Amino acid sequence: MGEVVDANSTPVTPRPASVAPTPPISAPPSQFHSPSLSRSPLLTPDHIIPSKTPKNSTPRNATPRIRTPRFITPIGSPIRRALKLTRLDPEDAWLPITESRNGNAWYAAFHCLCSGIGFQALVLPVAFTVLGWAWGIIALTVAFAWQLYTLYLLVQLHENTETGVRYSRYLQIMSANFGEKKAKWLGLFPILYLSIGTCVALNIIGGSTSKLFFQTVCGQSCTVKTLTPVEWYLVFASAAVLLSQLPNLNSIAGVSLIGSITAVMYCTIMWMVSVNKDRLPGISYKPVRGPKEVDRLFEVLNALGIVAFAFRGHNLILEIQATMPSSEKHPSRVPMWRGAKAAYTVIAACIFPLAIGGFWAYGQRIPKNGGLQSAFYAYRRRDTSQFIMGLVSLLIIVNALSSFQIYAMPMFDELESIFTKRMKRPCQWWLRVILRAFFGYGIFFLAVAIPSIGSVGGLVGGISLPVTLAYPCFMWLKMRKPNKYSKMWYLNWGLGIIGLILSVSLVAAGVYVIKENDNKFQWFKPK
């Protein structure tokens with residue numbers, strides 16, 4: 001029996017005429033596709049450009065360039081090709097996350113940077129007011145190293161080399177490890193809560209900053225009547241809905257690039273201006289604690305939740321990697337990890353100076369509602385130029401609009417998948433517009449209802465913590481099966497269990513803080 005030849009390599013022996021071409025409805029597992037979806041159908045053999053090397057000549061050592069997209073290249077041993085064929089599901093080509101698989105390391109870096117840095121970094125100095133210098137820096141360092149390790153695990157687990165499956169969504173890999181029912185109980189709520197909660201926070205930041213931008217540009221002597229906070233929230237939501245009409249995750253790579261640049265710029269400007277202007281007179285760095293032991297404990301836990309919230313974004317890692325082509329010879333984990341390392345190097349260079357420099361400049365006078373942004377506008381408005389203040393506001397607005405798109409994309413994907421599974425066809429353009437507008441204005445309603453970001457930051461961080469710090473460790477144990485009692489076995493079990501315990505504690509602390517301060521909050525009255 002003749003040997004089946006790779007489509008992207010020079011054949012060692014000529015293909016016998018008796019071997020029938022591979023039917024286009026199936027593909028070898030080494031082509032790495034989604035378990036239930038594969039956005040791009042296989043190309044027919046007519047699309048394959050034959051090698052210029054004569055069939056009776058000795059193949060060259062250098063492998064020729066790939067002539068077909070890598071995610072459809074049949075690579076693997078003849079036994080695997082003969083015994084394991086997996087049917088491709090066309091539904092994956094209809095959904096926003098995996099509609100396009102032409103991503104690369106640059107796109108991955110843009111998406112990771114846009115989703116990994118932003119407004120949540122501005123709240124980090126608030127955590128320092130409770131934890132203090134030493135424990136604040138320790139908590140920030142441990143959280144950064146921990147989430148970078150679990151990010152590496154997710155990148156490696158994205159594609160299964162034995163079965164050829166690509167887990168293009170976080171919930172898919174959870175279903176493969178824990179079962180569909182457990183995955184929905186353990187993962188669906190945190191993932192949706194993280195996406196929705198982040199979009200709500202972005203709407204609050206974008207709306208309130210739009211008001212500050214108008215006041216800064218207009219000046220103190222301006223007599224033009226400004227919009228109400230609710231109207232500013234509505235303006236931001238309308239802009240986000242308009243921008244959300246871009247079809248898929250790959251199409252917003254340019255938006256993520258703009259969001260990344262603006263985030264790096266305003267983070268750098270804010271901490272450099274704050275440090276350059278010297279500290280406020282009479283500030284204190286002594287940790288703020290409540291009168292009761294219970295209050296102090298829950299305040300510390302809530303501060304840890306704020307630190308955890310600063311490193312959310314793991315619910316998007318598999319989705320970002322799903323936009324890349326992948327094969328056994330050119331797996332997507334290589335460019336994905338390269339882009340992620342570059343992005344998180346920049347994130348570390350922004351987050352650590354922002355948290356440390358912001359706490360150094362303002363100490364305990366940092367407002368809980370808004371964090372460093374509120375402190376910057378409250379204390380530096382008089383001694384900082386109007387241009388700098390307006391520029392920072394504009395950069396924050398643009399970054400919030402850009403980040404909204406990438407965090408809303410999993411929700412768009414989920415909403416459209418309900419239609420495609422039922423109707424067995426892609427969403428029409430008008431239905432896609434309606435679904436995304438419905439989500440955007442639903443976020444607007446929640447943003448108006450929630451009083452402040454500082455009040456819910458710890459709760460959101462606690463709920464999303466297992467997605468970032470715990471579940472990847474358990475999935476690694478399930479899929480890679482390290483030797484029992486080995487270093488990797490102990491490491492992942494320890495981190496996973498500690499992550500779950502910490503998550504429960506942070507959620508309890510977040511609920512307690514909101515309950516204790518409920519009389520101070522004004523629900524449905526944004527400022």
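To be clear, the structure that these remarks concern was listed above.
To keep things clear, this report deals only with the structure shown in the data block. Please read all numbers here as calculations on a predicted model, not as lab measurements. (Residues numbered from 1 in each chain as written. Predicted model: local features only at pLDDT ≥ 70, side-chain atom pairs only at ≥ 80, totals over all residues. Heavy atoms only, no water.)

1. Quick look at the overall build of the protein chain
A tally of regular secondary structure across the protein chain gives 16 helices and 2 strands. Buried residues in the protein chain amount to 53% of all 527 residues. Split by element, the accessible area of the protein chain, about 24100 Å² in all, is 65% carbon and sulfur. (Helix = DSSP H or I, 4+ residues; strand = E, 2+ residues; numbered from the N terminus. Buried < 20%, exposed > 50% of the residue type's maximum accessible area, 1.4 Å probe, protein only. Areas by Shrake-Rupley, 256 points an atom, 1.4 Å probe, with all protein chains shown as cover.)

2. Describing the pattern of salt bridges
Counted by the stated rule, this structure contains 7 salt bridges. Of the charged contacts in the structure, one is a salt bridge between R380 and D383, with a shortest N-O distance of 3.6 Å. On the basis of relative accessible area, R380 is assigned to the buried category, the value being 3%. On the accessibility criterion, D383 (34% relative accessible area) is partly exposed. (Salt bridge = Lys/Arg side-chain N within 4 Å of Asp/Glu carboxyl O.)

3. Quick notes on the packing of helix α7 (residues 229–243) against helix α14 (residues 429–449)
In the contact formed by α7 and α14, the axes pass within 9 Å of each other and the chain directions differ by 155°. The orientation of α7 with respect to α14, classified from their angle, is roughly antiparallel. Judged by the twist between their axes, the crossing of α7 over α14 is right-handed. Residues V230, Y233, L234, A237, S238 and V241 of α7 lie in contact with α14, whose contacting residues are R436, A437, G440, Y441, F444, A447 and V448. Split into classes, the residues belonging to the contact of α7 with α14 amount to 10 nonpolar, 2 polar and 1 charged. (Axes fitted to C-alpha atoms, helices over the stretch in contact; angles between N-to-C directions. Parallel < 35°, antiparallel > 145°, perpendicular 65-115°, else oblique. Left-handed = near helix turned anticlockwise from the far one by under 90°. Contact = heavy atoms within 4.5 Å. Nonpolar A, V, L, I, M, F, W, Y, C, P; charged D, E, K, R; others polar.)

4. Concerning the environment of W360
In this fold, W360 is placed in helix α11 (residues 333–362). Through-space distance from the C-alpha of W360 to that of W133 is 9.2 Å; in sequence the pair is 227 residues apart. The residues contacting W360, other than those within four sequence positions of it, are W133, V275, D278, R279, I283 and Y285.

5. Regarding the side chain of S503
Residue position: S503 is located in helix α16 (residues 487–516). A relative accessible area of 7% places S503 in the buried class. In this structure, S503 is in contact with G462, L465 and P466, ignoring residues within four places of it in sequence.

6. Quick word on unusual backbone geometry
A positive phi angle, close to 60°, is found at K424, a residue other than glycine. Here K424 shows up in the loop between α13 (386–423) and α14. Phi at Y485 takes a positive value of approximately 65°, unusual for a residue other than glycine. As for its position among the elements, Y485 is in the loop between α15 (453–480) and α16.

7. Topic: the nonpolar core
It is characteristic of soluble globular proteins that their nonpolar side chains tend to be buried jointly. Counting residues in each nonpolar core, the largest one holds 120 residues, and the members touching the most others are L140, Y170, Y266 and F404. Broken down by element, this core gets its largest block of residues, 17 residues, from helix α4 (residues 124–157). When sequence neighbours within four positions are dropped, the list of residues in contact with F404 reads C199, L202, F236, A240, F439, G440 and I443. (Core = buried A, V, L, I, M, F, W, Y, C linked by side-chain atoms within 4.5 Å.)

8. Some points on helix α2 (residues 105–116)
Between the first and last C-alpha of α2 there are 16 Å, a value that for 12 residues agrees with the 16 Å anticipated at 1.5 Å per step. Most of α2 sits inside the fold, with 10 of its 12 residues counted as buried. The inward-facing, buried residues of α2 contact α3 (119–122), α8 (253–276), α9 (293–310), α10 (317–321), α11 and α13. Capping the start of α2, N104 holds a side-chain oxygen 3.0 Å from the backbone nitrogen of W106, two or three residues further along. (Expected span 1.5 Å × (residues − 1). Polar contact = N/O pair within 3.5 Å; in protein donor to acceptor, adjacent residues only side chain to side chain.)

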